[in-house]
Amino acid sequence: KLQFLYFIGRLANKGNKIVKIVGSKTEANWQPVHDESFSYSPEIDSISEVEKCEDRVGDNPGSQSGSSSFVCLSGCDEYQVKDEKNEVHLSGYPDELSTSSSEVFPEEATHVAPPAFDAKYLSEKTDNCSGHHMMFRTQDGKVCKEATNEEEKFYETKMSKMFSPFLAEYTGSVDLTSSEINNIVKGKPKEFSSSTKRFILLRDVECGFKRPCMMDIKMGIRGFGLNPSQQKRNSKNRKTQSTTSASLGMRIHGMKLWRGDSSPIIHDKYAGRKLTIDNIREFMLPFFVTERADNKVDKELCSALMCRIQQLIKLFEVQEAMHFYTSSLLLFFDMDSPIETCNICMIDFAFTYPVSVIENTERIESRRDIGYLLGLTNIASLITSISNETPFAPAAMPD
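About the criteria used
- Residues numbered from 1 in each chain as written.
- Predicted model: local features only at pLDDT ≥ 70, side-chain atom pairs only at ≥ 80, totals over all residues.
- Heavy atoms only, no water.
- Core = buried A, V, L, I, M, F, W, Y, C linked by side-chain atoms within 4.5 Å.
- Buried < 20%, exposed > 50% of the residue type's maximum accessible area, 1.4 Å probe, protein only.
- Helix = DSSP H or I, 4+ residues; strand = E, 2+ residues; numbered from the N terminus.
- Contact = heavy atoms within 4.5 Å.
- Expected span 1.5 Å × (residues − 1).
- Polar contact = N/O pair within 3.5 Å; in protein donor to acceptor, adjacent residues only side chain to side chain.
- Pairing = 2+ DSSP bridges.
- Axes fitted to C-alpha atoms, helices over the stretch in contact; angles between N-to-C directions.
- Salt bridge = Lys/Arg side-chain N within 4 Å of Asp/Glu carboxyl O.
- Parallel < 35°, antiparallel > 145°, perpendicular 65-115°, else oblique.
- Left-handed = near helix turned anticlockwise from the far one by under 90°.
- Nonpolar A, V, L, I, M, F, W, Y, C, P; charged D, E, K, R; others polar.

S.K.: Where do I start with the nonpolar core in this structure?
M.R.: For soluble globular proteins, nonpolar side chains are generally found buried alongside one another. With 67 residues, the main nonpolar core has F163, M250, F288, L312, L329, L331 and M346 as its most contacted residues. Residue contributions to this core peak at ten residues, all from helix α9 (residues 299–318). The residues contacting M250, other than those within four sequence positions of it, are I217, K218, M219, G220, T244, S245, I280, M284, G375, N378, I379 and L382. Counting twelve residues, the second largest nonpolar core, distinct from the first, contains L122, V174, L176 and L201.

As structure tokens, this is what we get:
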């Protein structure tokens, strides 16, 4: 029985339209494709004919040379591919999306061997718009981020493959000693409860950017994980209720943007906590203003980011395997080439759990992560409002 590997990329001879190519493979999975000029895997069968629907869904948001250009889910049911042996009509998503969480999130994760590097070549990442602590940069374009066991496990199990088009590439984990950390961190030496700390290594989505612009959005309506103390539960609930997290399923956790070449403008998480339904649109609007659009709202940038948001919405409308508590979503681009570099990235999985684990611990209203889905829907509504210069209409909680 054939299973299929899906690819979408830019085809130079297809006028940069999105085209889906299908071939036989032993395991179905969504994969990122590399480079601006699309070339399909040797595992793909030879393609004799590719038919593209007339309803164009838009170009892939694009990527830097050498980085990943992500799979597009939009309009998948409108594409068909004929190979030399079969005529194939495809729609929907890989079967993996309906797989139970117990099947795709095994208790034993496959550990990724840590890459060889010397801690003395790490540098402190000080330009975080959200104020994340304990983040370093490597010399080969990666971010070294302090992580919990849960976050490391998420990246190292099969579950993360479902979300791989929206994740920074994970390359392993390392342990850093307290002395190594204090040699990197500027200022007063930090005190640690243990002699070492675990860090994960992710591809730096800003690597190569000259003027990186980024918006960090805290997703969902819940601010704590499983089995919190009552004190922590109350504290997090107060924070949620006092911000847009409760009403919109999202709040701005930080924003970095450029105007000219001097230095970036940074808004921290405390600025985001003060926002309301009435003023969040105006706060977000400058992020979508670019120089290529004569310092006005860049509608093409809005459209490209909206394409990515809609793809993620489609995924969360059907996936019932995972819930993401206190996770974040990054929107980012380089001011020097916004359309070619814009994308989104899911981050922060310290409180991300399989639905089966949650059900064994507490009662949940829905197997779908409706809090995250509410946040995505309102992000899409906000971007549409900014692009179309219309009032923001908040979305209702998904059923």
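S.K.: So what exactly am I meant to see when it comes to α9 here?
M.R.: Since one α-helical turn is 3.6 residues long, residues separated by three or four positions face the same way. For α9, spanning 20 residues, the distance from its first C-alpha to its last is 29 Å, which sits close to the expected 28 Å at 1.5 Å a residue. Of the residues that open α9, the one with a side-chain oxygen 3.2 Å from the backbone nitrogen of E300 is D298.

S.K.: What's the story with the sheet that holds strand β21 (residues 343–347) in this structure? I'm lost.
M.R.: Two modes of strand pairing occur in sheets, parallel and antiparallel, and in both the strands are linked by backbone hydrogen bonds. Spatial ordering of the open sheet is given by β16-β15-β14-β20-β21, a layout of five strands whose pairing is antiparallel. Pairing within the sheet leaves two strands with one partner each, and these edge strands are β16 (265–267) and β21. Adjacent strand axes in the sheet meet at a mean angle of 20°, parallel and antiparallel pairs treated alike. Looking at chain direction, strand β15 (residues 250–257) and β16 are connected through three bridges and run antiparallel. The residue bridging M255 from the neighbouring strand is H267, located in β16.

S.K.: Looking at this model, I keep getting lost on unusual backbone geometry. Mind explaining?
M.R.: Among all residues save glycine, negative phi is the norm, and among peptide bonds the norm is trans. For D348, which is not a glycine, the phi torsion comes out positive at approximately 65°. What makes D348 buried here is its relative accessible area of 9%. Phi is positive for E389, close to 55°, though the residue is something other than glycine. Relative to the assigned elements, E389 resides in the segment after α12 (370–388). Exposure remark for E389: the relative accessible area of 64% places this residue in the exposed category.

S.K.: What's the story with the pattern of salt bridges in this structure? I'm lost.
M.R.: Opposite charge on two side chains makes pairing possible when the charged atoms of those side chains draw close. Per the counting criterion, the structure on display carries 19 salt bridges. Taking the shortest distance from any N to any O, the salt bridge between R137 and D204 comes out at 2.9 Å. Taken together, the positions of R137 in strand β10 (residues 135–137) and D204 in the loop between β13 (196–203) and β14 (212–219) put the pair 67 residues apart, joining distant regions of the chain. Residue classification places D204 among the buried residues on the basis of a relative accessible area of 6%. Residues R222 and E362 are paired through a salt bridge, measuring 2.5 Å at the closest nitrogen-oxygen approach. Of the two residues, R222 is situated in the loop between β14 and α5 (230–241) and E362 in the loop between α11 (355–359) and α12; the sequence distance between them amounts to 140 residues.

S.K.: Help me understand the sheet that holds strand β12 (residues 170–177), please; the structure alone is not making it clear to me.
M.R.: With antiparallel pairing, five strands are arranged side by side in an open sheet as β9-β10-β11-β13-β12. Edge positions in the sheet fall to β9 (123–124) and β12, since each has one partner strand and no second. Here β9 pairs with β10 via two bridges, running antiparallel. When the bridges of β10 are listed, S123 appears paired with R137.

S.K.: For this particular structure, what's the right way to read the packing of α9 against α12?
M.R.: Any two packed helices are characterised by the angle at which their axes cross and by the distance between the axes. In contact at an axis separation of 10 Å, α9 and α12 are set at 160° when each is read in the N-to-C sense. Comparing the axis directions of α9 and α12 gives the class roughly antiparallel. In this structure, the crossing between α9 and α12 has a hand that is left-handed. Facing K299, C302, M306, I309, Q310, L312, I313, F316 and E317 of α9, the residues of α12 in contact are Y372, L373, L376, T377, I379, A380, I383, T384, S387 and N388. Among the residues making up the contact of α9 with α12, the classes are represented as twelve nonpolar, five polar and two charged.

S.K.: Sorry, what's going on with the environment of V185 here?
M.R.: Turning to its location among the elements, V185 is positioned in the loop between α4 (178–184) and β13. We classify V185 as buried; its relative accessible area is 10%. Counting along the chain gives 62 residues from V185 to S123, while the straight-line C-alpha distance between them is 8.0 Å.

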